[in-house]
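A closer look at the structure
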Amino acid sequence: MKETDTLLQENNLELAIDAIRNGEVVGIPTETVYGIGVDPYSQTAVDKIFSLKERSEKKPLSILISSFHEIQKLNVTTSIPDVVELYWPGPLTIIVETSNDFANGVGTKDPSSIGVRVPENELAINLLKQTTIHSSLSLPLAIMTAAFALLSILIFLMKYNT
């Protein structure tokens, strides 16, 4: 990779981090598809992603974390099979019960559960590692696939920038 390419990615990463901290929606590459993501603790941000995608609130968002070890920081109350570590990073999503209080629309409330995955994409992992709540906890990102959402974004931009 060229030095200019690396610098460009770092600059875009900083823009994405700032956007997430400001409650905005960002595009996120994973090993399978592009997704759109937000701060899972921000109700305003979660509402934006549901509105943008025109997604039913009956279909909760899952989250991405940066590594297998980050799952313990989510206050998981169910046991996690050891085999999960063999498949992460990768396209495996597991459902766990948690005592974390995510925004409505992220996971379920009764019982309090969440789908969790570690993406196998270097840029996504770097974003997750650098988006922190405080020095010891990386901020997970609530995500959904971007297919229809990207089209919605383009239509919105065309509509309001003319």
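The rules behind these values
The residue numbers shown here count from 1 along each chain, following its written sequence. Note on the predicted model: pLDDT of at least 70 is required for a residue's local features to be given, and 80 or more for side-chain atom pairs to be given and counted; whole-chain, interface and lining totals, by contrast, use all residues. Calculation of side-chain values draws on the structure's entire complement of heavy atoms; hydrogens and water are dropped beforehand. Here a helix means four or more residues in a row that DSSP labels H or I, a strand means two or more in a row labelled E, and each is numbered from the N terminus. Buried residues are those whose accessible area, probed at 1.4 Å on protein chains only, stays under 20% of the maximum for their type, while exposed residues exceed 50% and partly exposed ones sit between those limits. We call two residues in contact when some of their heavy atoms are within 4.5 Å. Using a 1.4 Å probe, accessible areas were evaluated by the Shrake-Rupley method; residue-level cover was limited to the displayed protein chains. The working definition used for a salt bridge is a side-chain nitrogen of Lys or Arg within 4 Å of a carboxyl oxygen of Asp or Glu. Residues grouped as a nonpolar core are buried Ala, Val, Leu, Ile, Met, Phe, Trp, Tyr and Cys residues, joined through side-chain atoms within 4.5 Å. Nitrogen and oxygen atoms within 3.5 Å of one another constitute a polar contact, given that in protein one can donate a hydrogen and the other can accept it, and given that sequence-neighbouring residues count only through two side-chain atoms. Only when DSSP finds a minimum of two bridges between them are two strands counted as paired.

1. Here's the deal with the overall build of the protein
Across its full length, the protein carries five helices and nine strands. Tracing the protein from N to C terminus, the helices and strands come up as α-β-β-α-β-α-β-β-β-α-β-β-β-α. In the protein, buried positions account for 43% of the 162 residues. Put simply, of all contacts in the protein between residues at least 6 apart along the chain, 62% involve residues at least 24 apart. Of the roughly 9,400 Å² that the protein leaves accessible, carbon and sulfur atoms contribute 54%.

2. Overview of the pattern of salt bridges
In total, this model carries four salt bridges according to the counting rule given. Measuring nitrogen to oxygen at the nearest pair gives 2.3 Å for the salt bridge that ties Arg-117 to Glu-31. Here the residue Arg-117 occupies a position in strand β6 (residues 112–117), and Glu-31 occupies one in the loop between β1 (26–29) and β2 (34–38), the gap between them amounting to 86 residues. Among the ionic pairs, Lys-73 bridges to Glu-70, the shortest N-O distance being 3.2 Å. According to the relative accessible area criterion, Glu-70 is buried, its value standing at 11%.

3. Things to note about the environment of Leu-92
Here Leu-92 is to be found in the loop between α3 (84–87) and β4 (94–97). Taking the C-alpha atoms as reference points, Leu-92 and Arg-117, separated by 25 residues in sequence, lie 6.1 Å from one another. Among residues more than four places away in sequence, those in contact with Leu-92 are Val-84, Tyr-87, Val-116 and Arg-117.

4. Topic: the nonpolar core
In this structure, Ile-63, Ile-71, Trp-88 and Val-116 are the most contacted members of the largest nonpolar core, which totals 26 residues. Here this core gets four residues from one element, more than from any other, and that element is helix α2 (residues 43–53). In this view, Trp-88 contacts Ile-65, Phe-68, Ile-71, Ile-94, Val-116, Arg-117 and Val-118; residues no more than four positions away in its chain are not counted. Val-26, Ala-124, Leu-127 and Ile-143 belong to the second-largest nonpolar core, a separate cluster that totals 13 residues.

5. Concerning the environment of Ser-99
Tracing the backbone through its elements, the reader meets Ser-99 in the loop between β4 and β5 (108–109). Looking at Ser-99, the relative accessible area reads 52%, which means it is exposed. Setting aside chain neighbours within four positions, we find Ser-99 in contact with Leu-74, Asn-75 and Thr-77.

6. Notes on the side chain of Asp-39
Mapped onto the secondary structure, Asp-39 falls in the loop between β2 and α2. A polar atom in the side chain of Asp-39 sits 2.8 Å from the backbone nitrogen of Tyr-41.

7. Here we look at the pairing of β1
For β1 and β2, the ladder comprises four bridges, and the chain directions are antiparallel. The residue bridging Ile-28 from the neighbouring strand is Gly-35, located in β2. The turn linking β1 back onto β2 is made up of four residues.

Fair warning: the whole summary comes from geometry, so function is off the table for now.
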